[in-house]
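Remarks on the overall topology
What follows is each chain in one-letter form.
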Amino acid sequence: MKLIIDMHTHTIASGHAFSTIEEMAAAAAAKGLRMIATTDHGPAMEGAPIAMFFSALLMLPKEISGVRVLRGVEANIVDYDGSLDLPQDVLKRLDFVLAGFHEVVLRPSKDRAQNTRAMINVLENPYVDAISHPGNSNYPVDIPAVARAARERGKLLEINNNSAVVRPGSEDNCRRIAEACRELKIPVICGSDAHTSFNVGAFSNTQKILKSVNFPKELVLNTSVRKMTKFLNGIRKRGLK
Ligand SMILES: [Zn+2]
Ligand SMILES: [Zn+2]
């Protein structure tokens, strides 16, 4: 399966990543990608950019090195009510909003019911499109319940390539998330979570997970720019073409 879009990438602006947006786009072009989402960490993470950075993303061209660049964020879930670290009026103007749990921002909890409630509340935020690395085993959730919530709200769950490396113990959860989405016939998005240009479009772990559960290709949005933009426009009008 050819994945021509990477929906989760970081630049040097995140504070602990190494490449500029120009380097990320050039590397994506060299690898044959057609689109990337630039999704630096939200302001609650140490070293991450201030809120104004995300408003200023709109100054970037929509295409760099021939690659479509979605101006996005990976917002931090800052409490177990599902609050995020950027105001709604900033999120609203972005092309793509990921939100996820991060250990350095919110102390992990093994309370599955609480984590599930938080994640579902995040999915209820009208400006959130997808949950990043929902399989993180430090924040266990009721996977079928989260998948049903994603379906009801027309939102997305990510199959994160980096989880196998930086979130050990998450592989089983990632597989179960893929299975739950397959059962409910809801699409997934794939993200490399690249923190260097060398890793943009790296999907070997994601591909392995999808293959292991016979995930249908037509439900992987990263195979087509048209399919991806249509789905995102369906979540809320944002005029992506
Ligand atoms: Zn993350
Ligand atoms: Zn990330």
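Since we're looking at a predicted model, the values are computed, not measured.

Notes on the overall build of the chain
When helices and strands are counted, the chain shows nine helices and eight strands. Its C-alpha atoms give the chain a radius of gyration of 16 Å, near enough to 18 Å, the size a compact globule of 241 residues would have. Dimensions of the chain, computed from the C-alpha atoms along their principal axes, are close to 45 × 35 × 35 Å. Among the 241 residues that make up the chain, the fraction classed as buried is 58%. For the chain, the computed accessible surface area is about 10200 Å², with 53% contributed by carbon and sulfur atoms.

A short note on the coordination of the zinc ion (ligand 1)
Taken together, Glu74 (OE), His102 (NE2) and His133 (NE2) make up the full set of protein donors to the zinc ion (ligand 1), lying 2.1 to 2.2 Å away. Donor residues for the zinc ion (ligand 1) sit on one chain with the sequence pattern E-x27-H-x30-H. The distance between the zinc ion (ligand 1) and the zinc ion (ligand 2) is 3.2 Å, with Glu74 acting as a donor to both metals. In this pair, His102 is assigned in the loop between β5 (96-100) and α4 (112-124) and His133 in the loop between β6 (130-131) and α5 (143-153), connecting sequence segments 31 residues apart. By relative accessible area, His102 is classed as buried at 6%.

Let's talk about the coordination of the zinc ion (ligand 2)
Protein coordination of the zinc ion (ligand 2) is provided by His8 (NE2), His10 (NE2), Glu74 (OE) and Asp193 (OD), with donor distances spanning 2.0 to 2.3 Å. The site at the zinc ion (ligand 2) holds four donor atoms, and with the angles between them running 81 to 169 degrees, its shape is irregular. All donors of the zinc ion (ligand 2) come from a single chain, and their spacing in sequence reads H-x1-H-x63-E-x118-D.

Things to note about the packing of aromatic side chains
Tallying each qualifying case throughout the model produces three aromatic pairs. Measuring from centroid to centroid gives 6.1 Å for Tyr80 and Phe101, while their planes differ by 35 degrees, and the two rings are tilted. Of this pair, Tyr80 sits in the loop between β4 (67-76) and α3 (88-91) while Phe101 sits in the loop between β5 and α4, and the two are 21 residues apart along the sequence. Accessibility expressed as a relative area gives 17% for Tyr80, which makes it buried. Geometrically, the ring pair formed by Phe101 and Tyr139 is stacked, given 4.4 Å between the ring centres and 5 degrees between the ring planes.

A few points about the packing of α5 against helix α7 (residues 171-184)
The contact between α5 and α7 brings their axes to 9 Å, and the two run at 45 degrees. As summarised for this structure, α5 and α7 are arranged oblique, according to the angle between their axes. In this structure, α5 meets α7 at a crossing whose hand is right-handed. Facing Ile143, Ala147, Arg148 and Arg151 of α5, the residues of α7 in contact are Asn173, Arg176, Ile177, Ala180 and Leu184.

Here's the deal with the side chain of Lys155
With respect to the helices and strands, the residue Lys155 is situated in the loop between α5 and β7 (156-160). A polar side-chain atom of Lys155 sits 2.8 Å from the main-chain carbonyl oxygen of Leu123. Sequence-distant contacts of Lys155, defined by excluding residues within four places in its chain, comprise Leu123, Asn125, Pro126, Val128, Asp129, Ala150 and Ile235.

Here's the deal with the pairing of strand β1 (residues 5-9)
In terms of burial, β1 is a largely internal element, five of the five residues being buried. Of the strand pairs in this sheet, β1 and strand β2 (residues 35-41) are connected by three bridges, and their pairing is parallel. Across the sheet, the residue bridging to Ile5 is Met35, located in β2. For the segment spanning β1, helix α1 (residues 21-30) and β2, crossover handedness is right-handed.

Conventions and cut-offs
- The numbers attached to residues start from 1 for each chain and follow its sequence in the written order.
- Written order decides the labels, with chains lettered from A and ligands numbered from 1.
- In keeping with the model being predicted, local features are shown solely for residues with a pLDDT of at least 70 and side-chain atom pairs are shown and tallied solely at 80 or more, while totals for entire chains, interfaces and linings include all residues.
- Only hydrogens and water are set aside when side-chain values are computed; all heavy atoms of the structure are taken into account.
- Secondary structure is summarised from DSSP: a helix means a run of H or I of at least four residues, a strand means a run of E of at least two, and numbering begins at the N terminus for each.
- What the globule rule says is 2.2 Å times the number of residues to the power 0.38, and the radius of gyration is computed from C-alpha atoms.
- The rule is simple: take the accessible area with a 1.4 Å probe, protein chains only, and divide by the maximum for that residue type; under 20% is buried, over 50% is exposed, in between is partly exposed.
- Accessible surface is estimated by sampling points in the Shrake-Rupley manner with a 1.4 Å probe; for residues, cover comes only from the protein chains shown.
- Water is not part of the atom set, so a site may look incomplete; the donors themselves are N, O and S atoms within 2.8 Å of the metal, or 3.2 Å for Na, K and Ca.
- Every geometry call rests on angle ranges, with four donors termed tetrahedral when all angles are between 85 and 135 degrees, four termed square planar and six termed octahedral when opposite donors are over 155 degrees apart and all others are between 65 and 115, and everything else termed irregular.
- For this analysis, a ring pair means two rings from Phe, Tyr or Trp (six-membered ring only for Trp) whose centres lie within 6.5 Å, classed as stacked if their planes differ by under 30 degrees, edge-to-face if by over 60, and tilted for the remaining angles.
- Lines are fitted to the C-alpha atoms to define the axes, a helix being fitted only along its stretch in contact, and any angle between axes, read from their N-to-C directions, falls within 0 to 180 degrees.
- An angle below 35 degrees is treated as roughly parallel, one above 145 as roughly antiparallel, one from 65 to 115 as roughly perpendicular, and anything else as oblique.
- It is the rotation of the near helix from the far one that decides the hand of a crossing: anticlockwise by less than a right angle makes it left-handed, clockwise makes it right-handed.
- Contact definition: two residues touch when any of their heavy atoms are within 4.5 Å.
- The definition of a polar contact used here is a pair of N or O atoms within 3.5 Å, where within protein one atom must be able to donate a hydrogen and the other to accept one, and adjacent residues in sequence count solely through side-chain atom pairs.
- Two strands form a pair only when DSSP identifies at least two bridges running between them.
- Place the viewer so that the strands point away; then a crossover is right-handed whenever the path from the first strand over the helix to the second strand goes clockwise.

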